[in-house]
Amino acid sequence: METHPFAAAPAGSPTLESLPVEPLLTSEFDVNPGGVYERLRSMYGPVAPVGLMGVPVWLVLDYREVLEVLRNDSVWRRDVRHWRARAEGRLPQDWPLLAGYEVRQTMFFDDDEHRHARLTYHSAMRPFQDGHSPEGWELRAAVAKYADELIAMLAAESGTSGFADLAAQYTRPLLLMVTTKLFGCPVELGDEMVMDLWRMLDGGPDAGPATGRALGAMTRLAAHRRSRPGEDLTSYMLLADPSLSDEQLGRELFMNAVYLNDITGNMVCNTLLEVLRGNATVRRSLSAGQIGETVNRAALANPPSANLCFRFAARDVRLGNFWIRGGDIVSPSVAAAHRDLIAAGSSHIVDSAVSTRAHLAWGAGPHQCPSAARELAGTIVSTAVGRVFEHFARAELTLPPDQLPWRAGPVVRGLRLLPVRYELSAHSAAVRVPPARGSDDVAAPAEAVPLRQPSRLLGALRRLMFGGRKGD
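In this text the structure is predicted, and so the values were computed from the model without any measurement.

**Observations regarding the packing of aromatic side chains**
Phase 1: Under the definition given, this model contains 10 aromatic pairs.
Phase 2: Arranged with centres 5.6 Å apart and planes meeting at 65°, the rings of Trp 83 and Trp 95 form a pair that is edge-to-face. Of the two residues, Trp 83 is situated in the loop between strand E4 (76-77) and helix H4 (84-87) and Trp 95 in the loop between H4 and helix H5 (98-101); the sequence distance between them amounts to 12 residues.
Phase 3: For Trp 83, a relative accessible area of 3% gives the class buried.

Have a look at this one:
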């Protein structure tokens, strides 16, 4: 990448708006996104112009260029107000992806505003990051307990051997239960939230209203915790920065809910899938008891976010074979970058028994997922995946891997279903865990959502999976 303080695109160099673009989100992309990335790379090089729901976007494909965009925040800005097409009123009024980017919160701040917001978040998250603190210990114990009780529900419904959907019956309810505990949500907040987060990320026609509903729910939670503080992230955010309004805190909780439920949930499912489909390096690390390395390997092979948040060029800059104009929008593709990393002769990173931390699943640079959140998410994923293989003596996919249904959108590529045939181990404690009771043993606040409604939650998620959303 070439940058100069006063560099300007040479006269006659093509602009994003002048180039013919093909839609990225096609049926071909749904089935084989890797093939689409490779075709675009062969046509354009490391950066390709594509159409994203009717809007031209620079898609960054190669690992080096993606890493450069993520690390250099003086050139590549996060604040949507840097986007020239938006400032000039050239976007479709109903462009579904804009709603999420209009939410003013830490992910879309730059410079001092961003640094201050991250310090607040780190301060609030620190008690949960430490596994030896009461809050950290209780949260980790809760994750394990929730996982065990969900697997016990499978045993109660289907017996010690049978069929299960590890996406709808295990991963999604697990992450929602963790969210309600971590945030200190009152009972009336719950099922519908995860559905609205899906609608926003998938960019469907109801993305705008869904974003508004989720923001409203988080704002009400902020007001609730302001009046009734507890040992939860919401209360600690207020303690770290008492100047936060309910609306500001609601926006922060909203985006944390997105990452905790959808991105972390995808990482759980994708890790399980890589094991079940027979990925040799992933299975080898699991067999060696290196569960953290198992997660890293799966993240490299199948990242939970296919494309990271948009960046906006602060000035004209050369990237790949093109000059990007100041105010242009770029989309760094983690999935394409990982393919490039492996194909470029770096397969020793994948095969290494030591580490695969070259993956960009958590981002990179100043805007990467905060360390406290990464550690917590890693603990959740490792616990969720580890518990499955502790309880199951056998598990195998009931569909060929290439026939599994995916949510292929502008941001995520997540499984809709992860159907397996399983057999519980004779020594599994799950077959003896009683159904969830009306109280939670893990010292949750009295008004937080306990495990007394998993059946209702699973019912809501199943309605979502099988006809509860438009356009599915």
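Now, onward.
**What to know about the side chain of Thr 106**
Phase 1: Here Thr 106 shows up in the loop between H5 and helix H6 (111-129).
Phase 2: Take Thr 106: its relative accessible area is 12%, and that puts it in the buried class.
Phase 3: Excluding residues that lie within four positions of it along the chain, Thr 106 makes contacts with His 114, Ala 117, Arg 118, Glu 252 and His 367.

**Notes on the confidence of the model for the protein**
Do not read the fine detail of predicted coordinates wherever pLDDT is low.
Phase 1: Residues at a pLDDT of 70 or more form 83% of the protein, whose mean pLDDT is 83.
Phase 2: The low-confidence segment residues 435-472, where pLDDT is below 50, has 75 contacts with residues more than four positions distant or belonging to other chains.

**Thoughts on the sheet that holds strand E6 (residues 311-313)**
Whether parallel or antiparallel, the strands of a sheet pair through hydrogen bonds between backbone atoms.
Phase 1: The mixed open sheet is built from 6 strands, whose spatial order is E1-E2-E3-E9-E6-E4. Since the sheet does not close on itself, it has two edges, and those belong to strand E1 (22-23) and E4, each with one partner.
Phase 2: Two elements, E4 and E6, share 2 bridges in a ladder whose sense is antiparallel. Looking at E6, one finds that Arg 77 is bridged to Phe 312.
Phase 3: Relative to the sheet, helix H2 (residues 33-44) contacts E1, strand E2 (47-52) and strand E3 (55-60), its axis offset from that of E2 by approximately 125°.

**Let's talk about the layout of surface pockets**
Over the atoms rolls a probe the size of a water molecule, and its path tells where empty space is left.
Phase 1: Approximately 720 Å³ is the volume attributed to the second largest pocket.
Phase 2: Along the walls of the second largest pocket sit 44 residues, with Thr 106, Met 107, Tyr 121, Glu 252 and Asn 256 positioned nearest its centre.
Phase 3: Its residues assigned to classes, the lining of the second largest pocket shows 24 nonpolar, 12 polar and 8 charged.

**Some thoughts on unusual backbone geometry**
Phase 1: The backbone of Met 53 sits at a positive phi, close to 55°, despite the residue not being glycine.
Phase 2: Assignment of secondary structure puts Met 53 in the loop between E2 and E3.
Phase 3: Phi at Asp 111 takes a positive value of approximately 55°, unusual for a residue other than glycine.
Phase 4: Relative accessible area serves as the criterion here: at 35%, Asp 111 is assigned to the partly exposed category.

**Considering the packing of helix H12 (residues 246-276) against helix H14 (residues 291-301)**
Phase 1: At their nearest, the axes of H12 and H14 sit 9 Å apart, and the two run at 95° to each other. With respect to H14, the element H12 is oriented roughly perpendicular. Each of Met 267, Asn 270, Thr 271, Glu 274 and Val 275 in H12 lies in contact with H14, whose residues at this interface are Thr 294, Val 295, Ala 298, Ala 299 and Ala 301.
Phase 2: Taken together, the residues of the contact of H12 with H14 break down into 6 nonpolar, 3 polar and 1 charged.

**Structural notes on the pairing of E2**
Phase 1: By the criterion of burial, E2 is predominantly enclosed, with 6 of the 6 residues buried.
Phase 2: Burial of the side chains of E2 extends over both faces: Val 47, Pro 49 and Gly 51 are buried on one face and Ala 48, Val 50 and Leu 52 on the other.
Phase 3: Both E1 and E2 contribute to a ladder of 2 bridges, which runs parallel. The partner of Glu 22 across the bridge, within E2, is Val 50.
Phase 4: Pairing of E2 with E3 involves 6 bridges; the strand directions are antiparallel. Looking at E3, one finds that Val 47 is bridged to Val 60.
Phase 5: Between the end of E2 and the start of E3, which pair antiparallel, lie 2 residues, with Met 53 showing a positive phi angle near 55°.

**Re the sheet that holds strand E10 (residues 392-397)**
Phase 1: In spatial order, the strands read E5-E13-E10; together these 3 strands make up an open sheet with antiparallel pairing. Of all strands in the sheet, those with a lone pairing partner are strand E5 (161-165) and E10, marking the two edges. Averaged over all pairs of adjacent strands, the angle between their axes in this sheet comes to 25°, without regard to strand direction.
Phase 2: The pairing of E5 with strand E13 (residues 419-424) spans 5 bridges and is antiparallel. Residue pairing across strands places Gly 162 opposite Tyr 422, the latter belonging to E13.
Phase 3: Against the sheet, helix H7 (residues 134-158) touches E5, E10 and E13, its axis set at about 90° to E13.

**Re the packing of H7 against helix H17 (residues 371-391)**
Phase 1: Where H7 contacts H17, the two axes come as close as 10 Å, and the packing angle between them is 35°. Here H7 runs over H17; the crossing is right-handed. Where H7 abuts H17, its residues Leu 139, Arg 140, Val 143, Ala 144, Ala 147, Asp 148 and Ile 151 lie against Leu 376, Thr 379, Ile 380, Thr 383, Arg 387, Val 388 and His 391.
Phase 2: Partitioning the contact of H7 with H17 into residue classes produces 8 nonpolar, 3 polar and 3 charged.

**Topic: the nonpolar core**
Phase 1: In terms of nonpolar packing, the biggest core is built from 131 residues, with Trp 83 and Phe 254 touching the most fellow members.
Phase 2: Considering each element in turn, this core owes the most residues, 13 residues, to H12.
Phase 3: Filtering out sequence-adjacent residues up to four positions away, Phe 254 remains in contact with Val 103, Leu 197, Met 200, Thr 211, Ala 214, Leu 215 and Met 218.

**Looking at the environment of Thr 26**
Phase 1: Along the chain, the position of Thr 26 falls in the loop between E1 and helix H1 (27-31).
Phase 2: For Thr 26, a relative accessible area of 26% corresponds to the partly exposed category.
Phase 3: As for Thr 26 and Ala 408, which are separated by 382 residues in sequence, their C-alpha atoms are 9.3 Å apart.

The rules behind the values
- Residues numbered from 1 in each chain as written.
- Predicted model: local features only at pLDDT ≥ 70, side-chain atom pairs only at ≥ 80, totals over all residues.
- Heavy atoms only, no water.
- Phe/Tyr/Trp six-rings, centres within 6.5 Å; stacked < 30°, edge-to-face > 60°.
- Helix = DSSP H or I, 4+ residues; strand = E, 2+ residues; numbered from the N terminus.
- Buried < 20%, exposed > 50% of the residue type's maximum accessible area, 1.4 Å probe, protein only.
- Contact = heavy atoms within 4.5 Å.
- pLDDT = per-residue confidence, 0-100.
- Pairing = 2+ DSSP bridges.
- Axes fitted to C-alpha atoms, helices over the stretch in contact; angles between N-to-C directions.
- 1 Å grid on protein atoms, 1.4 Å probe; cavity = no way out; pocket = protein on both sides within 12 Å on 5 of 7 lines; lining within 4 Å.
- Points joined across faces, edges and corners; volume = space filled by probe spheres on them.
- Nonpolar A, V, L, I, M, F, W, Y, C, P; charged D, E, K, R; others polar.
- Parallel < 35°, antiparallel > 145°, perpendicular 65-115°, else oblique.
- Left-handed = near helix turned anticlockwise from the far one by under 90°.
- Core = buried A, V, L, I, M, F, W, Y, C linked by side-chain atoms within 4.5 Å.

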